[in-house]
Amino acid sequence: MPLNLSLEVLKWKLLAGSAQPLSILQAWKSYFAGIAISLITPNRIGEYPGRILYLRRKNTIRLISVSILGAFAQFFALFFYGTVGLIYYNIAFPGYWQKLLLVVCCFVIIIVAAFYFYFEKWIIYFERIKWLRRLGTYKELIRRFTTREQVQVLVISVLRFAVYTVQYLVLLHWMNISFPLLSGFLMACLYFWSLAVIPSIAFAELGVRGQVSLFLFHHFSENTIGILAATVGLWSINLILPALIGSILLLRVRFFNS
């Protein structure tokens with residue numbers, strides 16, 4: 001858990017630090033606040049706005065810009081592992097829908113990579129939209145990031161995905177769910193990808209997580225209680241506990257500013 005959270009905070013400090021000076025403590029607090037806000041938004045899309053809300057700085061547009069960059073990095077990692085998981089699933093359990101999803105996933109990862117590494121070239125088309133012209137600062141901001149820094153952000157995102165995938169496997173093993181290590185890892189990749197593409201809100205997400213985990217891991221074990229227990233454990237460790245800390249921080253900010 002500390003490694004998982006630390007990687008995301010490191011990435012956020014690198015991103016937000018290009019827009020404003022940011023200490024490691026501020027990065028942690030901002031991250032926790034973002035998790036708290038994300039609980040009430042579909043597919044937790046409110047996480048980055050929540051981080052920005054906590055910082056309460058004037059250069060909000062620039063923070064939005066780097067948030068977009070961070071989101072694309074996370075999407076790339078998600079669809080990269082999702083593609084690998086779908087390849088495995090197509091080999092182990094071939095079918096029409098599996099093939100279709102694999103094709104769509106490959107297409108999406110190409111689009112996301114193009115936006116991530118060449119966003120400064122795409123921005124001119126968005127600037128033609130009148131109400132989006134104010135976001136033109138993103139073009140100026142993105143040039144502050146070297147290709148090396150963009151790769152660093154991407155590597156952190158990929159490592160973080162691997163970390164919480166291993167977390168899930170450890171919990172499943174702890175609950176006496178037996179599976180081949182490589183197959184389990186690839187199925188877990190597919191599990192997290194599925195959660196990202198299925199619309200849900202965090203408070204109702206637990207039911208979705210349970211259904212998806214049972215659908216995927218019943219191929220290895222009929223231990224339904226163990227699979228669900230591991231799923232709830234991961235949800236609590238990576239989402240609920242940080243969200244509780246973030247809620248306290250947001251309440252303190254509101255109290256002292258009122």
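The rules behind the values
- One numbering rule holds for all chains: residues counted from 1, following each sequence as written.
- Reporting in this predicted model follows two pLDDT cut-offs: at least 70 for local features of residues, and 80 or more for side-chain atom pairs to be given and counted; totals over whole chains, interfaces and linings ignore these cut-offs and use all residues.
- Side-chain measures were taken over the full set of non-hydrogen atoms in the model, leaving aside hydrogen atoms and water.
- To qualify as a helix, a DSSP run of H or I must reach at least 4 residues; to qualify as a strand, a run of E must reach at least 2; elements of each kind are numbered from the N terminus.
- Relative accessibility decides the category of a residue: with a 1.4 Å probe and only protein chains considered, values under 20% of the type maximum give buried, values over 50% give exposed, and everything between is partly exposed.
- Residues are treated as being in contact if the distance between any of their heavy atoms lies within 4.5 Å.
- Definition used for salt bridges: Asp or Glu carboxyl oxygen within 4 Å of a side-chain nitrogen of Lys or Arg.

S.K.: Mind laying out the overall build of the protein chain, listing which residues take part and the relevant values?
M.R.: Summing up its helical and strand segments, the protein chain has 11 helices and zero strands in all. Along the protein chain, helices and strands appear, N-terminal first, in the series α-α-α-α-α-α-α-α-α-α-α. For the protein chain, the residues scored as buried account for 49% of the 258 residues in total. Sequence separation of 24 or more characterises 71% of the internal contacts of the protein chain that already satisfy a separation of 6 or more.

S.K.: I'd like to hear about the pattern of salt bridges, residue by residue, with values.
M.R.: The tally for this structure, following the rule as stated, stands at four salt bridges. For Glu 8, the salt bridge is made with Arg 51, and the minimal N-O distance between the two is 2.8 Å. Taken together, the residues Glu 8 in helix 1 (residues 2-16) and Arg 51 in helix 3 (residues 47-55) connect sequence positions 43 residues apart. In terms of burial, Glu 8 and Arg 51 fall into one category: buried. Arg 160 is paired through a salt bridge with Glu 8; the nearest N and O atoms lie 3.4 Å apart. Linking Arg 160 in helix 8 (residues 147-174) with Glu 8 in helix 1, this pair joins segments that are 152 residues apart in sequence. There is no split in this pair, since Arg 160 and Glu 8 are both buried. Through salt bridges with shared partners, one network takes in Glu 8, Lys 11, Glu 47, Arg 51 and Arg 160.

The analysis is restricted to geometry; functional conclusions fall outside its scope.
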